[in-house]
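Here's the letter readout for the chains.
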Amino acid sequence: MSQFDYSLDYINLDLRKHPELYRIGRGEQGVLLVEPYKSEILPHWRFATPEVALKSSDKIYQMFLEYLDNEDFVGADMARKFLQMGYTRARRYANHKGGKKYKGPVPDDKKGQSGSHGREELPRQPEDPIKAESARIFKHKWDLCRSNDTYLALKKAHKQHYEK
């Protein structure tokens, strides 16, 4: 799998116009960088309560389907990443009050990239059932994306054309 390219000028790059530059990467890589999708999806991304998570995940999943209808793989993959991030962030808050998983700040050169970056993981706290339910809601929609036949076909085509 090609690595997500963090060196591109994402602030000035429209990946709808240049899908050939998009690399899927691993997990949620690039979710808060890739435009115009970040600006389209991020305003709808919320997970504070199950009610909010349901509304948010429904909206983002609808966007995922619309991107697929337009054969916009990058948009669909970004919506999938936001749903995945809804799951992982809600799980983080379910396990760590305040959402802080690692000890210490993210190194300046690693901001926007996922991972511990050598930091110690803090111990888990008693599970927050509200955030755990929010995570379950996002996980369901994320799973629908990952098993969508149209998405899988567009993903395969993207890899064949651009990620050789």
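Residues numbered from 1 in each chain as written. Predicted model: local features only at pLDDT ≥ 70, side-chain atom pairs only at ≥ 80, totals over all residues. Heavy atoms only, no water.

Participant: Could you give an account of the side chain of Asp-77, naming the residues involved and the relevant values?
Facilitator: Along the chain, the position of Asp-77 falls in helix α3 (residues 73-95). On the basis of relative accessible area, Asp-77 is assigned to the buried category, the value being 0%. At a separation of 2.9 Å, a polar atom in the side chain of Asp-77 contacts the side chain of Arg-80. (Helix = DSSP H or I, 4+ residues; strand = E, 2+ residues; numbered from the N terminus. Buried < 20%, exposed > 50% of the residue type's maximum accessible area, 1.4 Å probe, protein only. Polar contact = N/O pair within 3.5 Å; in protein donor to acceptor, adjacent residues only side chain to side chain.)

Participant: Please give an account of the packing of α3 against helix α4 (residues 129-146) that cites residues and values.
Facilitator: Relative orientation and spacing of two packed helices are given, respectively, by the angle between their axes and the distance between those axes. Direction vectors running N to C along α3 and α4 enclose 155°, while the axes themselves pass 8 Å from each other. Taken together, the axis directions place α3 and α4 in an arrangement best described as roughly antiparallel. Crossing geometry of α3 relative to α4 is assigned as left-handed. Note on element contacts: α4 touches α3 through Lys-131, Ala-132, Ser-134, Ala-135, Phe-138, Lys-139, Lys-141, Trp-142, Cys-145 and Arg-146, opposite Arg-80, Phe-82, Leu-83, Gln-84, Gly-86, Tyr-87, Ala-90, Arg-91, Tyr-93 and Ala-94. A class-by-class count of the residues in the contact of α3 with α4 yields 11 nonpolar, 3 polar and 6 charged. (Axes fitted to C-alpha atoms, helices over the stretch in contact; angles between N-to-C directions. Parallel < 35°, antiparallel > 145°, perpendicular 65-115°, else oblique. Left-handed = near helix turned anticlockwise from the far one by under 90°. Contact = heavy atoms within 4.5 Å. Nonpolar A, V, L, I, M, F, W, Y, C, P; charged D, E, K, R; others polar.)

Participant: Let's hear about helix α2 (residues 50-69): which residues, and what values?
Facilitator: Between its terminal C-alpha atoms α2 stretches 28 Å, which fits the 28 Å expected from 20 residues at 1.5 Å a residue. For α2, every residue scored as buried is listed here: Pro-50, Ala-53, Ser-56, Ser-57, Ile-60, Tyr-61, Met-63, Phe-64, Tyr-67 and Leu-68. One side of α2 holds all its buried residues, which, seen down the axis, span an arc of 155°. The exposed set on the far side of α2, more than 90 degrees from its buried face, consists of Glu-51, Lys-55 and Asp-69. A positive phi of about 55° marks Glu-71, the residue just after α2. (Expected span 1.5 Å × (residues − 1). Arc of directions from axis to C-beta.)

Participant: Would you mind going over the pattern of salt bridges in detail, with residue names and values included?
Facilitator: Within this structure, the stated rule accounts for 10 salt bridges. Across the salt bridge formed by Arg-16 and Asp-72, the nearest N and O atoms sit 3.5 Å from each other. With Arg-16 in the segment before α1 (37-41) and Asp-72 in the loop between α2 and α3, this pair connects stretches of sequence that are 56 residues apart. Exposure remark for Arg-16: the relative accessible area of 37% places this residue in the partly exposed category. Here Asp-77 and Arg-80 are joined by a salt bridge, their closest N and O atoms 2.9 Å apart. Remark: Arg-80 and Asp-77 occur in helix α3; sequence separation between them is 3 residues, near one turn of the helix. Taken together, the shared-partner salt bridges in this structure form one network comprising Arg-16, Glu-40 and Asp-72. (Salt bridge = Lys/Arg side-chain N within 4 Å of Asp/Glu carboxyl O.)

Participant: Talk me through the packing of α2 against α3; I want residue IDs and the actual numbers.
Facilitator: In the contact formed by α2 and α3, the axes pass within 8 Å of each other and the chain directions differ by 160°. Here α3 runs roughly antiparallel to α2, going by the angle between their axes. Relative to α3, α2 is oriented so that their crossing is left-handed. Contact with α2, carried on its side by Ser-57, Ile-60, Tyr-61, Phe-64, Tyr-67 and Leu-68, involves Gly-75, Ala-76, Ala-79, Arg-80, Phe-82 and Leu-83 of α3 and no other residues of that element.

Participant: I'd like a description of unusual backbone geometry, backed by residues and values.
Facilitator: In this chain, Glu-35 is followed by Pro-36 through a cis amide linkage whose omega measures 10°. Within the element layout of this structure, Pro-36 appears in the segment before α1. Although it is not a glycine, Glu-71 sits at a positive phi angle of roughly 55°. Within the secondary structure layout, Glu-71 lies in the loop between α2 and α3.

Purely geometric stuff here, so don't read any function into it on its own.
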